Amino acid sequence: MAAICDKRKFVAVENEEILPNAKRVKADIDQNQETAEGDFEPESVLCGFQTREVLKHSAREKNIFIHGQIDGQDAVVILETNPIQENSLGELFSGSTLKLEMKNDIYSTYQLQAPPHLNEIKTTLVWPATKKHVNKFKHQESFLVEETKEDYSTITLPYILLKRGLNVQWVYNILEKKEEVDRIVYEDPDPNLGFVLLPDMKWDQKNVDTLYLIAIVHQRDLKSLRDLTSEHIPLLLNIFNKGQVAILDRYKLPANKLRVYLHYQPSYYHLHVHFTKLDYDPPGCSVERAHLLANVIQNLHNDPEYYKTWTMYFPLRESDELLGKFKKAGRL
Ligand code: M7G
(Lines give C-alpha, C1' and ligand atoms only; values in the text may rest on other atoms or scores of the structure.)
Protein backbone atom coordinates (compact mmCIF):
# COMPACT_ATOMS: atom_id res chain seq x y z
CA MET A 1 0.00 0.00 0.00
CA ALA A 2 2.79 2.43 0.97
CA ALA A 3 4.50 1.91 -2.37
CA ILE A 4 1.27 2.71 -4.16
CA CYS A 5 0.76 5.78 -2.01
CA ASP A 6 4.26 7.04 -2.81
CA LYS A 7 3.28 7.23 -6.47
CA ARG A 8 0.87 10.01 -5.61
CA LYS A 9 1.73 13.27 -7.24
CA PHE A 10 0.24 16.71 -7.06
CA VAL A 11 0.21 19.24 -9.82
CA ALA A 12 -0.56 22.85 -9.13
CA VAL A 13 -3.41 24.66 -10.83
CA GLU A 14 -2.76 27.52 -13.17
CA ASN A 15 -0.39 29.95 -11.45
CA GLU A 16 -0.22 28.27 -8.07
CA GLU A 17 3.05 26.81 -6.86
CA ILE A 18 3.46 23.08 -6.31
CA LEU A 19 2.89 22.62 -2.61
CA PRO A 20 1.59 19.31 -1.26
CA ASN A 21 -0.84 20.97 1.12
CA ALA A 22 -1.65 23.94 -1.03
CA LYS A 23 -5.18 24.43 -2.18
CA ARG A 24 -4.62 23.03 -5.63
CA VAL A 25 -8.25 22.44 -6.32
CA LYS A 26 -10.55 25.37 -6.69
CA ALA A 27 -13.95 24.61 -5.37
CA ASP A 28 -15.98 27.73 -5.16
CA ILE A 29 -18.85 26.31 -3.26
CA ASP A 30 -20.91 29.51 -3.32
CA GLN A 31 -20.70 29.61 -7.09
CA ASN A 32 -21.23 25.86 -7.12
CA GLN A 33 -18.03 25.24 -9.05
CA GLU A 34 -16.94 21.85 -7.83
CA THR A 35 -14.67 21.09 -10.76
CA ALA A 36 -11.31 19.55 -9.88
CA GLU A 37 -8.49 21.32 -11.65
CA GLY A 38 -5.67 19.31 -10.11
CA ASP A 39 -4.08 16.13 -11.34
CA PHE A 40 -3.33 12.97 -9.36
CA GLU A 41 -2.55 9.34 -9.81
CA PRO A 42 -5.99 7.68 -9.95
CA GLU A 43 -4.59 4.44 -8.50
CA SER A 44 -3.49 6.06 -5.26
CA VAL A 45 -5.92 8.91 -4.69
CA LEU A 46 -7.60 7.07 -1.80
CA CYS A 47 -4.37 6.44 0.12
CA GLY A 48 -4.74 9.64 2.09
CA PHE A 49 -8.52 9.38 2.55
CA GLN A 50 -9.50 10.30 6.08
CA THR A 51 -12.91 9.08 7.14
CA ARG A 52 -15.14 11.64 8.85
CA GLU A 53 -18.55 9.99 8.84
CA VAL A 54 -20.42 7.02 7.40
CA LEU A 55 -23.31 8.63 5.52
CA LYS A 56 -25.22 5.46 4.66
CA HIS A 57 -24.56 1.77 5.02
CA SER A 58 -26.61 -1.09 3.64
CA ALA A 59 -25.84 -4.70 4.51
CA ARG A 60 -28.56 -5.75 2.06
CA GLU A 61 -27.23 -3.75 -0.88
CA LYS A 62 -23.65 -4.39 0.20
CA ASN A 63 -22.54 -0.79 -0.07
CA ILE A 64 -21.27 1.99 2.14
CA PHE A 65 -21.22 5.77 1.55
CA ILE A 66 -18.45 7.60 3.38
CA HIS A 67 -17.75 11.29 3.86
CA GLY A 68 -14.10 12.10 4.43
CA GLN A 69 -11.26 14.28 3.29
CA ILE A 70 -8.42 13.95 0.82
CA ASP A 71 -5.67 16.48 1.18
CA GLY A 72 -7.89 18.81 3.17
CA GLN A 73 -10.74 18.73 0.62
CA ASP A 74 -14.09 17.09 1.33
CA ALA A 75 -14.72 13.85 -0.51
CA VAL A 76 -17.43 11.22 -0.77
CA VAL A 77 -16.49 7.61 -1.44
CA ILE A 78 -18.99 4.88 -2.30
CA LEU A 79 -17.85 1.26 -1.97
CA GLU A 80 -20.04 -1.49 -3.41
CA THR A 81 -19.45 -5.20 -3.64
CA ASN A 82 -19.73 -6.35 -7.26
CA PRO A 83 -22.31 -9.00 -8.16
CA ILE A 84 -20.88 -12.45 -8.91
CA GLN A 85 -20.53 -12.98 -12.66
CA GLU A 86 -21.77 -16.24 -14.13
CA ASN A 87 -18.81 -16.39 -16.50
CA SER A 88 -16.34 -16.26 -13.61
CA LEU A 89 -17.75 -19.31 -11.79
CA GLY A 90 -15.22 -21.77 -13.23
CA GLU A 91 -12.29 -19.67 -12.08
CA LEU A 92 -13.98 -18.91 -8.77
CA PHE A 93 -14.35 -22.61 -7.95
CA SER A 94 -10.96 -23.74 -9.22
CA GLY A 95 -8.84 -20.75 -8.15
CA SER A 96 -10.10 -20.02 -4.62
CA THR A 97 -9.43 -21.41 -1.18
CA LEU A 98 -12.16 -22.21 1.31
CA LYS A 99 -12.11 -21.41 5.02
CA LEU A 100 -14.53 -23.64 6.87
CA GLU A 101 -16.88 -21.79 9.25
CA MET A 102 -19.16 -24.56 10.39
CA LYS A 103 -20.18 -28.09 9.50
CA ASN A 104 -23.17 -30.08 10.70
CA ASP A 105 -24.37 -33.24 8.98
CA ILE A 106 -24.84 -32.34 5.28
CA TYR A 107 -24.60 -28.57 5.97
CA SER A 108 -21.43 -26.49 5.90
CA THR A 109 -20.59 -22.76 5.46
CA TYR A 110 -17.30 -21.23 4.34
CA GLN A 111 -15.57 -17.98 3.55
CA LEU A 112 -14.31 -18.31 0.00
CA GLN A 113 -11.09 -16.45 -0.67
CA ALA A 114 -11.26 -15.58 -4.35
CA PRO A 115 -8.40 -14.47 -6.62
CA PRO A 116 -8.00 -10.66 -6.24
CA HIS A 117 -9.38 -9.82 -9.69
CA LEU A 118 -12.64 -11.59 -8.82
CA ASN A 119 -12.84 -9.76 -5.55
CA GLU A 120 -12.96 -6.16 -6.72
CA ILE A 121 -15.02 -3.45 -5.05
CA LYS A 122 -16.72 -0.87 -7.26
CA THR A 123 -15.55 2.47 -5.93
CA THR A 124 -16.99 5.88 -6.76
CA LEU A 125 -15.20 9.04 -5.67
CA VAL A 126 -16.58 12.58 -5.65
CA TRP A 127 -13.69 14.94 -4.90
CA PRO A 128 -13.72 17.75 -4.11
CA ALA A 129 -17.24 17.27 -2.86
CA THR A 130 -19.56 20.12 -1.90
CA LYS A 131 -21.97 20.07 1.03
CA LYS A 132 -24.69 19.18 -1.49
CA HIS A 133 -22.87 16.00 -2.49
CA VAL A 134 -22.49 15.01 1.16
CA ASN A 135 -26.22 15.61 1.69
CA LYS A 136 -27.17 13.79 -1.52
CA PHE A 137 -25.63 10.57 -0.27
CA LYS A 138 -26.70 10.86 3.37
CA HIS A 139 -29.59 8.79 4.62
CA GLN A 140 -32.41 11.24 5.26
CA GLU A 141 -36.12 11.53 5.68
CA SER A 142 -38.02 12.49 2.49
CA PHE A 143 -41.09 14.69 2.06
CA LEU A 144 -43.50 14.70 -0.86
CA VAL A 145 -43.70 18.16 -2.40
CA GLU A 146 -46.56 19.54 -4.50
CA GLU A 147 -45.34 21.98 -7.12
CA THR A 148 -47.95 24.00 -9.03
CA LYS A 149 -46.91 25.94 -12.12
CA GLU A 150 -46.78 29.07 -9.93
CA ASP A 151 -44.52 27.28 -7.43
CA TYR A 152 -42.27 26.31 -10.31
CA SER A 153 -41.86 29.89 -11.48
CA THR A 154 -41.56 31.49 -8.03
CA ILE A 155 -39.63 28.82 -6.10
CA THR A 156 -38.01 26.14 -8.28
CA LEU A 157 -36.98 28.14 -11.34
CA PRO A 158 -35.16 30.87 -9.35
CA TYR A 159 -33.41 28.08 -7.41
CA ILE A 160 -32.24 26.49 -10.69
CA LEU A 161 -31.25 29.80 -12.29
CA LEU A 162 -29.18 30.76 -9.26
CA LYS A 163 -27.32 27.49 -9.89
CA ARG A 164 -28.22 26.08 -6.51
CA GLY A 165 -28.42 22.54 -7.94
CA LEU A 166 -25.36 20.40 -8.63
CA ASN A 167 -22.83 21.58 -11.20
CA VAL A 168 -23.28 20.11 -14.70
CA GLN A 169 -19.68 20.51 -15.86
CA TRP A 170 -19.40 16.71 -16.13
CA VAL A 171 -22.25 16.82 -18.68
CA TYR A 172 -20.47 19.44 -20.81
CA ASN A 173 -17.27 17.38 -20.60
CA ILE A 174 -19.16 14.45 -22.14
CA LEU A 175 -20.85 16.55 -24.84
CA GLU A 176 -17.55 18.24 -25.73
CA LYS A 177 -15.66 14.91 -25.78
CA LYS A 178 -13.34 15.93 -22.97
CA GLU A 179 -14.21 12.99 -20.73
CA GLU A 180 -15.68 9.48 -21.05
CA VAL A 181 -15.18 9.55 -24.84
CA ASP A 182 -14.36 5.85 -25.05
CA ARG A 183 -17.51 4.99 -23.09
CA ILE A 184 -19.92 6.51 -25.61
CA VAL A 185 -22.31 3.83 -26.88
CA TYR A 186 -24.10 5.98 -29.43
CA GLU A 187 -24.22 9.59 -30.52
CA ASP A 188 -26.57 11.55 -32.72
CA PRO A 189 -24.63 14.82 -33.22
CA ASP A 190 -27.60 16.89 -34.43
CA PRO A 191 -27.67 20.09 -32.29
CA ASN A 192 -31.48 20.03 -31.93
CA LEU A 193 -32.44 16.37 -32.00
CA GLY A 194 -29.13 14.84 -30.99
CA PHE A 195 -27.85 13.23 -27.80
CA VAL A 196 -25.02 11.16 -26.38
CA LEU A 197 -25.82 7.72 -24.94
CA LEU A 198 -23.34 6.26 -22.48
CA PRO A 199 -23.15 4.10 -19.35
CA ASP A 200 -24.28 5.82 -16.18
CA MET A 201 -21.59 6.27 -13.54
CA LYS A 202 -23.54 3.85 -11.33
CA TRP A 203 -23.18 0.93 -13.77
CA ASP A 204 -20.03 -1.20 -13.76
CA GLN A 205 -20.83 -2.42 -17.33
CA LYS A 206 -19.95 -5.97 -16.28
CA ASN A 207 -23.43 -7.26 -15.80
CA VAL A 208 -26.24 -6.55 -18.26
CA ASP A 209 -28.70 -7.47 -15.49
CA THR A 210 -27.96 -4.11 -13.89
CA LEU A 211 -27.79 -2.16 -17.17
CA TYR A 212 -27.95 1.61 -16.67
CA LEU A 213 -27.29 4.14 -19.42
CA ILE A 214 -28.10 7.81 -19.78
CA ALA A 215 -28.89 9.82 -22.89
CA ILE A 216 -27.75 13.43 -22.56
CA VAL A 217 -29.25 15.93 -25.02
CA HIS A 218 -27.02 18.28 -27.00
CA GLN A 219 -29.39 21.21 -26.45
CA ARG A 220 -28.20 23.15 -23.44
CA ASP A 221 -31.29 25.16 -22.60
CA LEU A 222 -33.48 22.25 -21.50
CA LYS A 223 -33.22 21.95 -17.75
CA SER A 224 -35.87 19.36 -16.96
CA LEU A 225 -39.28 17.92 -17.77
CA ARG A 226 -40.79 21.34 -16.96
CA ASP A 227 -39.15 22.86 -20.09
CA LEU A 228 -40.66 20.32 -22.48
CA THR A 229 -43.52 21.17 -24.84
CA SER A 230 -44.93 19.37 -27.89
CA GLU A 231 -42.12 21.07 -29.85
CA HIS A 232 -39.74 18.60 -28.21
CA ILE A 233 -41.59 15.45 -29.23
CA PRO A 234 -39.21 14.84 -32.19
CA LEU A 235 -36.24 15.09 -29.79
CA LEU A 236 -37.82 12.69 -27.31
CA LEU A 237 -38.83 10.21 -30.01
CA ASN A 238 -35.33 10.36 -31.43
CA ILE A 239 -33.82 9.49 -28.04
CA PHE A 240 -36.40 6.78 -27.42
CA ASN A 241 -36.01 5.06 -30.80
CA LYS A 242 -32.28 5.42 -31.39
CA GLY A 243 -31.44 4.71 -27.75
CA GLN A 244 -33.39 1.45 -27.84
CA VAL A 245 -31.77 0.38 -31.14
CA ALA A 246 -28.27 1.17 -29.81
CA ILE A 247 -28.93 -0.87 -26.65
CA LEU A 248 -30.28 -3.78 -28.68
CA ASP A 249 -27.18 -3.70 -30.92
CA ARG A 250 -24.66 -3.46 -28.12
CA TYR A 251 -26.26 -5.37 -25.22
CA LYS A 252 -28.85 -7.55 -27.01
CA LEU A 253 -31.63 -6.19 -24.81
CA PRO A 254 -34.91 -5.50 -26.65
CA ALA A 255 -37.07 -2.45 -25.96
CA ASN A 256 -39.55 -4.48 -23.90
CA LYS A 257 -36.77 -5.20 -21.37
CA LEU A 258 -36.02 -1.53 -20.77
CA ARG A 259 -37.35 1.13 -18.40
CA VAL A 260 -36.82 4.50 -20.10
CA TYR A 261 -37.59 7.53 -17.93
CA LEU A 262 -36.79 11.03 -16.73
CA HIS A 263 -36.46 12.17 -13.15
CA TYR A 264 -38.38 15.04 -11.69
CA GLN A 265 -36.71 16.66 -9.81
CA PRO A 266 -33.39 15.63 -11.32
CA SER A 267 -30.15 16.22 -9.45
CA TYR A 268 -28.56 17.76 -12.55
CA TYR A 269 -30.52 20.37 -14.52
CA HIS A 270 -29.50 19.43 -18.04
CA LEU A 271 -32.08 17.24 -19.78
CA HIS A 272 -31.17 13.56 -19.77
CA VAL A 273 -33.04 10.26 -20.03
CA HIS A 274 -32.36 7.13 -17.97
CA PHE A 275 -32.31 3.67 -19.62
CA THR A 276 -32.31 0.81 -17.10
CA LYS A 277 -33.05 -2.89 -17.31
CA LEU A 278 -36.69 -3.50 -16.45
CA ASP A 279 -36.00 -6.26 -13.90
CA TYR A 280 -33.47 -4.13 -12.06
CA ASP A 281 -34.67 -1.51 -9.55
CA PRO A 282 -32.00 1.15 -9.25
CA PRO A 283 -32.41 4.06 -6.83
CA GLY A 284 -34.82 6.68 -8.18
CA CYS A 285 -37.02 4.44 -10.33
CA SER A 286 -40.11 4.67 -8.12
CA VAL A 287 -43.34 6.42 -9.15
CA GLU A 288 -42.75 9.58 -7.15
CA ARG A 289 -39.66 10.47 -9.16
CA ALA A 290 -39.53 8.54 -12.44
CA HIS A 291 -41.62 9.58 -15.48
CA LEU A 292 -41.71 7.03 -18.29
CA LEU A 293 -40.56 8.62 -21.54
CA ALA A 294 -43.42 6.91 -23.43
CA ASN A 295 -45.93 8.61 -21.11
CA VAL A 296 -44.15 11.96 -21.36
CA ILE A 297 -44.45 11.82 -25.16
CA GLN A 298 -48.15 10.92 -24.97
CA ASN A 299 -48.88 13.65 -22.43
CA LEU A 300 -47.23 16.21 -24.71
CA HIS A 301 -49.26 14.93 -27.66
CA ASN A 302 -52.48 15.37 -25.70
CA ASP A 303 -51.53 18.70 -24.17
CA PRO A 304 -48.55 20.59 -25.66
CA GLU A 305 -48.10 22.53 -22.39
CA TYR A 306 -48.66 19.58 -20.04
CA TYR A 307 -45.38 19.86 -18.15
CA LYS A 308 -45.50 23.65 -18.06
CA THR A 309 -48.94 23.76 -16.49
CA TRP A 310 -49.66 20.61 -14.48
CA THR A 311 -48.95 20.26 -10.80
CA MET A 312 -46.00 17.95 -10.23
CA TYR A 313 -45.29 15.83 -7.16
CA PHE A 314 -41.83 14.68 -6.11
CA PRO A 315 -39.87 13.79 -3.00
CA LEU A 316 -37.22 16.05 -1.51
CA ARG A 317 -34.91 15.16 1.31
CA GLU A 318 -34.67 16.87 4.67
CA SER A 319 -31.54 18.89 4.02
CA ASP A 320 -32.35 19.76 0.40
CA GLU A 321 -32.10 23.50 -0.12
CA LEU A 322 -35.12 23.40 -2.45
CA LEU A 323 -37.19 21.83 0.32
CA GLY A 324 -36.20 24.76 2.54
CA LYS A 325 -37.48 27.15 -0.14
CA PHE A 326 -40.85 25.36 -0.32
CA LYS A 327 -41.09 25.50 3.48
CA LYS A 328 -40.22 29.18 3.54
CA ALA A 329 -42.94 29.86 0.97
CA GLY A 330 -45.44 28.06 3.23
CA ARG A 331 -45.90 25.26 0.71
CA LEU A 332 -45.05 22.44 3.08
P1 M7G B 1 -30.38 12.74 -12.12
O2 M7G B 1 -31.79 12.34 -12.30
O3 M7G B 1 -30.05 14.16 -12.45
O4 M7G B 1 -29.89 12.54 -10.65
O5 M7G B 1 -29.52 11.73 -12.99
P6 M7G B 1 -29.74 11.30 -9.67
O7 M7G B 1 -28.25 11.13 -9.49
O8 M7G B 1 -30.38 11.78 -8.40
O9 M7G B 1 -30.41 10.13 -10.28
C10 M7G B 1 -28.19 11.94 -13.28
C11 M7G B 1 -27.56 10.60 -13.62
O12 M7G B 1 -26.24 10.85 -14.09
C13 M7G B 1 -27.44 9.68 -12.41
O14 M7G B 1 -27.99 8.42 -12.72
C15 M7G B 1 -25.94 9.64 -12.13
O16 M7G B 1 -25.50 8.39 -11.63
C17 M7G B 1 -25.35 9.93 -13.48
N18 M7G B 1 -24.03 10.60 -13.41
C19 M7G B 1 -23.67 11.56 -12.54
N20 M7G B 1 -22.41 11.96 -12.81
C21 M7G B 1 -21.71 13.00 -12.06
C22 M7G B 1 -21.95 11.23 -13.87
C23 M7G B 1 -20.72 11.21 -14.58
O24 M7G B 1 -19.76 11.95 -14.32
N25 M7G B 1 -20.65 10.34 -15.63
C26 M7G B 1 -21.69 9.50 -15.94
N27 M7G B 1 -21.51 8.66 -16.96
N28 M7G B 1 -22.85 9.50 -15.26
C29 M7G B 1 -22.99 10.36 -14.23
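The shown structure was predicted, so the numbers you read here are calculated from the model rather than taken from an experiment.

### Brief notes about the overall build of the chain
Argument step 1. Looking only at helices and strands, the chain features nine helices and 14 strands.
Argument step 2. Across the 332 residues in the chain, those meeting the buried criterion constitute 42%.
Argument step 3. Sequence-distant contacts, at least 24 apart, represent 64% of the contacts inside the chain between residues at least 6 apart.
Argument step 4. When the accessible area of the chain is evaluated, it comes to approximately 18,700 Å², of which 52% is carbon and sulfur surface.

### Examining the pairing of strand β1 (residues 50-58)
Argument step 1. Looking at chain direction, β1 and strand β2 (residues 63-70) are connected through seven bridges and run antiparallel. Paired with Gln50 across the bridge in β2 is Gln69.
Argument step 2. Linking β1 back to β2 in an antiparallel pair, the connection comprises four residues, with Lys62 at a positive phi of about 55 degrees.

### Topic: the packing of helix α4 (residues 149-161) against helix α9 (residues 321-328)
Each pair of packed helices can be summarised by the angle the axes make with each other and by the distance between the axes.
Argument step 1. Between α4 and α9, the least distance of the axes is 10 Å, while the angle of their chain directions is 145 degrees. When the axes of α4 and α9 are compared, the crossing they make is right-handed. Across from Asp151, Ile155, Thr156 and Tyr159 in α4, the residues of α9 making contact are Glu321, Leu322, Lys325 and Phe326.

### Focus: α9
Argument step 1. Inspection of α9 places Leu322, Leu323 and Phe326 among the buried residues, and these make up the whole buried set. Down the axis of α9, the buried set is contained in an arc of 105 degrees. They therefore lie on one face.
Argument step 2. In this structure, the buried side of α9 is in contact with β7 (142-147), α4 and β14 (312-317).
Argument step 3. Two or three places before Leu322, at the start of α9, stands the capping residue Asp320, its side-chain oxygen 2.9 Å from that residue's backbone nitrogen.

### Here's the deal with the nonpolar core
Argument step 1. Counting 60 residues, the largest nonpolar core has Leu197, Leu213, Ile247 and Phe275 as the members making the most contacts within it.
Argument step 2. In this structure Leu197 touches Ile184, Val185, Tyr186, Leu213, Ile214, Ala215, Gly243, Ala246, Ile247 and Phe275, once residues within four positions along its chain are discounted.
Argument step 3. Membership of the second largest hydrophobic core comes to eight residues, among which are Leu55, Val76, Val126 and Val134.

### Here's the deal with empty space enclosed by the protein
Argument step 1. Tallying each qualifying case throughout the model produces one cavity of 30 Å³ or more.
Argument step 2. Here the largest cavity defines a volume of roughly 50 Å³.
Argument step 3. Taken together, the residues of the lining of the largest cavity sort by class into five nonpolar, four polar and one charged.

### What to know about the sheet that holds strand β3 (residues 73-81)
Sheets are built from strands paired through backbone hydrogen bonds, the pairs being either parallel or antiparallel.
Argument step 1. The sheet built from four strands is open, its strands ordered β1-β2-β3-β6 with antiparallel pairing. The strands lining the two open edges of the sheet, one partner per strand, are β1 and β6 (121-126). Shown here is a sheet whose adjacent strand axes are inclined to one another by a mean of 20 degrees, direction ignored.
Argument step 2. Where β2 lies against β3, eight bridges are found, and the strand directions are antiparallel. Looking across to β3, one finds that Gln69 is bridged to Asp74.

### Section: the packing of aromatic side chains
Argument step 1. Applying the stated criterion to the full structure yields eight aromatic pairs.
Argument step 2. Pairing Trp170 with Tyr268 gives two aromatic rings, centres 5.1 Å apart and planes at 80 degrees, and the pair type is edge-to-face. Remark: Tyr268 occurs in the loop between β11 (258-263) and β12 (272-277) and Trp170 occurs in helix α5 (residues 169-175); sequence separation between them is 98 residues.
Argument step 3. Judged by relative accessible area, Tyr268 falls into the buried class, the value being 17%.
Argument step 4. Residues Phe314 and Phe326 carry aromatic rings whose centres are separated by 6.3 Å and whose planes lie at 80 degrees to one another, so their mutual orientation is edge-to-face. Pair noted here: Phe314 is in strand β14 and Phe326 is in helix α9, with a separation of 12 residues, a long-range link.
Argument step 5. Accessibility expressed as a relative area gives 0% for Phe326, which makes it buried.
Argument step 6. Feature note: the residues Tyr264, Phe314 and Phe326 constitute an aromatic cluster, connected by ring pairs.
Argument step 7. Seen from the ring of Phe65, Lys56 lies directly overhead, with NZ or CZ sitting 4.4 Å from the centre.

Conventions adopted
Numbers given for residues are sequential positions, taken from 1 along each chain in its written order. Restriction of local features to residues with pLDDT of at least 70 applies here, the model being predicted, together with a cutoff of 80 or more for giving and counting side-chain atom pairs; totals for whole chains, interfaces and linings are based on all residues. The side-chain numbers reported here are obtained from all heavy atoms of the structure, hydrogens and water having been left aside. Helix numbers and strand numbers start at the N terminus; a helix is a DSSP run of H or I with at least 4 residues, a strand a run of E with at least 2. Each residue's exposure class comes from its accessible area (1.4 Å probe, protein chains only) as a fraction of the maximum for that residue type: buried when under 20%, exposed when over 50%, partly exposed otherwise. The contact rule is simple, with two residues in contact once any of their heavy atoms fall within 4.5 Å. Where accessible areas are quoted, they stem from the Shrake-Rupley method and a 1.4 Å probe; at the residue level, only the protein chains shown are allowed to cover. The pairing criterion is simple: DSSP has to find at least two bridges between the two strands. Interaxial angle, 0 to 180 degrees, is taken between N-to-C directions of lines fitted to C-alpha atoms, where a helix line uses only the stretch in contact. Each crossing is labelled by how the near helix is turned from the far one, with a counterclockwise turn of less than a right angle marking it left-handed and a clockwise turn marking it right-handed. By definition, the arc is the one covered by directions from the helix axis to the C-beta atoms. Under this definition, polar contacts are N or O atom pairs within 3.5 Å; protein pairs additionally need one hydrogen-donor-capable and one acceptor-capable atom, and for neighbouring residues in sequence, both atoms have to be side-chain atoms. Joining through side-chain atoms within 4.5 Å is the link that ties buried Ala, Val, Leu, Ile, Met, Phe, Trp, Tyr and Cys residues into a set, and such a set is a nonpolar core. Put simply, the grid is 1 Å and covers the protein atoms alone, a cavity is a trapped set of points that fit a 1.4 Å probe, a pocket is an open set with protein on both sides within 12 Å along at least five of seven lines, and lining residues have an atom within 4 Å of a point. Grid points are joined across faces, edges and corners, and a volume is the space filled by probe spheres set on the points. Amino acid classes used here: Ala, Val, Leu, Ile, Met, Phe, Trp, Tyr, Cys and Pro are nonpolar; Asp, Glu, Lys and Arg are charged; the rest, including Gly, are polar. Side-chain rings of Phe, Tyr and Trp (the six-membered ring for Trp) are treated as a pair once their centres are within 6.5 Å; stacked means planes under 30 degrees apart, edge-to-face means over 60, and tilted covers the remaining angles. Two thresholds decide whether a charge sits over a ring: the Lys NZ or Arg CZ must be within 6 Å of the ring centre and within 35 degrees of the ring normal.

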